[in-house]
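The lines below spell out each chain.
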Number of protein chains: 2
Amino acid sequence: MSRTRTLNDVAKIAQVSPSTVSRILNGTAVVSPEKRKQVETAIATLGYRPNVMAQALAKGRSMTVGVVTQAISSPFYAETLAGIEQGFADSVYHPMFISGHWRQDKELEAIEILTARRVDSLIILGGNLDDQYLLQLSQQIPLVAVGRFIQGLENQCIHIDQIQGAAAGVQHLIDLGHHRIAHIAGPASHRDSTGRLHGYQQVLAANDIPFDPNLVVSGNFQEHSGLLAMEQLLTRDTSITAVFSANDQMASGARLALYRRGIRVPEDISIIGFDDLFGSSYSTPPLTTVRQPGQEMGNAAAQMVLSLLEHRKLPSLIFTPHLVVRESTTRLRHS
Amino acid sequence: MSRTRTLNDVAKIAQVSPSTVSRILNGTAVVSPEKRKQVETAIATLGYRPNVMAQALAKGRSMTVGVVTQAISSPFYAETLAGIEQGFADSVYHPMFISGHWRQDKELEAIEILTARRVDSLIILGGNLDDQYLLQLSQQIPLVAVGRFIQGLENQCIHIDQIQGAAAGVQHLIDLGHHRIAHIAGPASHRDSTGRLHGYQQVLAANDIPFDPNLVVSGNFQEHSGLLAMEQLLTRDTSITAVFSANDQMASGARLALYRRGIRVPEDISIIGFDDLFGSSYSTPPLTTVRQPGQEMGNAAAQMVLSLLEHRKLPSLIFTPHLVVRESTTRLRHS
DNA sequence: ACAGTATCTGAAAGCGCTGTCAAGAGGTTT
DNA sequence: AAACCTCTTGACAGCGCTTTCAGATACTGT
């Protein structure tokens, strides 16, 4: 393992001062063509690569942005991460991901780790950190939040209206003639869950359909909890003709519960999800869902960070949930 | 944005030398209880956090390990990444992920970026870099490869026998009485694809079933290509009773193609996948597949890196593919 | 009481780079 | 020919930390 080359080595064999090499590397000042040539060949022959750590220390900027995600293997977050990565792709910055696992302590720890590395900026994906904390954190370091709306930091949040999204989904079901519509909610602690639940309730009310608490069961956003929730709904009430699941993963679990009982989708029961995960368009039947453009939002978050870092004015980005009708929902047959 | 505190600030207000503070932080030497106390309170009142960049520069170790993955949003890789992250969780190291998108140039670029940051070690997930290059790279930096087997670097590879896995899957189909078994292969350029194809052919031969080239179609490991492949198989040959897909994602696409034509799974056609993605156990019907323990392999890769970095002897880890029988395969009914 | 030893601590040099500052070279102007 | 610019370049002081080295102190044993 040969010692790695330094800028000094380059300077020495190019017979110039380290400053000059630095200037060429960074384009910080004009350098005579001859010296530039010498330096360039020196760099080439040594195979020199600047040490980003040292640059970071000297410049006071690490060229990395920290991303607090919740779980790298969660399909929804993964799409967003891919968007973030793509958004930084041709910039000089690079993202570093750390998972918070939906636990506030882990998220705080993630932020510690990231700030100890002096990341230049932070992207927070969902999570349980409170608004107040993030608001204060944003005073110390440029940050953008994805999937949440923080009062006083509106311009640095990328989110979509969950209520509106849920409303669109449930209205679709109602338009198809359903009125016994169950809801598999997310965990009550999660603000997206409550938003979606509200959307569900609002649309019911708007359509004069009484809200029946028996028709809502909570899960934890994972497939298995959707399956359990569906089973519970089925034993509670047999008049259900449609279910609105707070995310695609639980919809998938619910769909399996139905399959096991021989209940057909969409003929017997219609299902609608939320998120539009990539795989949802390949489920059987392809899932009707409310799309949250995860990748685009991630990409936008990266752009926003870049603007923040370069003190450009922030792009104003608006994302709206969007109903994607596929084959898991159908018109209610009057029986 | 208040200037962030440095070790010197701490030293000053604790009335000790910077060296002493450093010693306490790193446990490098014994320090008298009083000084330790002074320093600790100083750290607490200042809210001091060491600058990892500066530490890295001084120690010559960045405490980060670079991971070259292929696509962060690919379900299989995402599981592996989660395993890696978990494997480093209570170490002082942190992973930094960069995607190569299955393109050699991007992978090389990823390695450049990572080494410019002086990562202490590298984990390579699959990809198209050639063995020779990696073997040479491993001379410069501790590296472990996941999902590939490199001659001369066997101890630093974590992989499973693709042939054996495919064989197990196909044998399962044969045991159920199938002999018209199609294969949806991965891209020919991908070594896992060829391994799985060989496994398929070997088992066919071992059971005296003639290999019919018409029964194999290649996809690109994405869902859509599986759908296309299935459609093609269906037009080519109507006697197919089972299909072995080179991964779960294509199996999912194939399953959709069948659904569209009203062909039942598993009653009319049995399907078996490869990987055992988390979502596969929630497909309709739950997919029979050959499990590749992505998360465990990722975790093992992290452990291996840690061993390498601490010069401990390498754990010898053997992973084997494992048939997971679910509901997408069934005994052939003699018609 | 004194050399010898074991402990703790600070000074200082550096890790690899950047950026300020001032000097030297060459060219203009009057 | 003197005074003044403009350009390019090197010295040098950091960035925030670690680590050697040697000095200071406190204990040994004889």
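Residues numbered from 1 in each chain as written. Chains lettered and ligands numbered in written order. Predicted model: local features only at pLDDT ≥ 70, side-chain atom pairs only at ≥ 80, totals over all residues. Heavy atoms only, no water.

J.: Is there a simple way to think about the sheet that holds strand β9 (residues 270–275) of chain A in this case?
T.: Across a sheet, strands are paired by hydrogen bonds formed along the backbone, either parallel or antiparallel in direction. All names here are of chain A. Strand order across the open sheet formed by six strands is β7-β6-β8-β9-β10-β11, with mixed pairing between neighbours. With one partner strand each, in any of the chains shown, β7 (216–218) and β11 (322–324) form the two edges of the open sheet. Going across the sheet, the axis of each strand differs from the next one's by a mean of 20°, ignoring polarity. Of the pairings in the sheet, the one linking strand β6 (residues 181–185) to β7 comprises three bridges and is parallel in character. (Pairing = 2+ DSSP bridges. Helix = DSSP H or I, 4+ residues; strand = E, 2+ residues; numbered from the N terminus. Axes fitted to C-alpha atoms, helices over the stretch in contact; angles between N-to-C directions.)

J.: Help me understand the relation of the copies chain B and chain A in this model?
T.: Relating the two copies of this chain is a rotation about some axis coupled with a shift parallel to it. Laying chain B over chain A is done by rotating through 180° and shifting 0.1 Å along the axis; what remains is an RMSD of 0.2 Å. Given the turn and translation reported, the copies of this chain are related as if by a two-fold rotation axis. (Least-squares fit on C-alpha atoms with pLDDT ≥ 70 in both.)

J.: Got a minute to help me understand the protein's contact with DNA strand D in this structure?
T.: Taken together, 24 residues lie near DNA strand D, and A:T20, A:R23, A:S32, B:L7 and B:Y48 sit nearest. A distance of 2.9 Å separates a base nitrogen of DNA strand D from a polar side-chain atom of A:S19. One nitrogen or oxygen atom from the main chain of B:A54 is found 3.5 Å from a base nitrogen belonging to DNA strand D. Looking at the surface near DNA strand D, the elements that each hand over two or more residues are α2 (18–26) and α4 (52–59) of chain A together with α2 (18–26) and α4 (52–59) of chain B. For the surface near DNA strand D, the class distribution of residues is ten nonpolar, ten polar and four charged. (Near = heavy atom within 4 Å. Polar contact = N/O pair within 3.5 Å; in protein donor to acceptor, adjacent residues only side chain to side chain. Nonpolar A, V, L, I, M, F, W, Y, C, P; charged D, E, K, R; others polar.)

J.: How should the interface of chain B and chain A be read in this particular structure?
T.: Between chain B and chain A, the residue contacts involve 53 residues of the former and 54 residues of the latter. Roughly 4700 Å² is buried in total at the junction of chain B and chain A, and carbon and sulfur atoms are behind 59% of that figure. Looking only at chain B, the three residues that lose the most surface to chain A are B:M53, B:R117 and B:Y282, adding up to 16% of its buried area. Put simply, chain B and chain A have four salt bridges between them. Residue B:E327 is joined to A:R260 by a salt bridge in which the shortest nitrogen-to-oxygen separation is 2.6 Å. The interface formed by chain B and chain A includes 18 residue pairs in polar contact (both at pLDDT 80 or more). (Contact = heavy atoms within 4.5 Å. Buried area = accessible area lost by both parts, 1.4 Å probe. Salt bridge = Lys/Arg side-chain N within 4 Å of Asp/Glu carboxyl O.)

J.: Mind showing me how you'd approach the protein's contact with DNA strand C here?
T.: Taken together, the neighbourhood of DNA strand C is formed by 24 residues, with A:L7, A:Y48, B:T20, B:R23 and B:S32 sitting nearest. Atoms of DNA strand C within 4 Å of the protein: sugar and phosphate make up 67%, bases the balance. In the model, a phosphate oxygen of DNA strand C is placed 3.3 Å from a nitrogen or oxygen of the A:Q55 side chain. Contact between DNA strand C and B:R23: a base nitrogen at 2.6 Å from a side-chain N or O atom of the residue. At the level of elements, α2 and α4 of chain A together with α2 and α4 of chain B are the ones that each hand at least two residues to the surface near DNA strand C. Of the residues assigned to the surface near DNA strand C, the class counts are ten nonpolar, ten polar and four charged.

Scope: geometric values only; no functional claims are made or implied.
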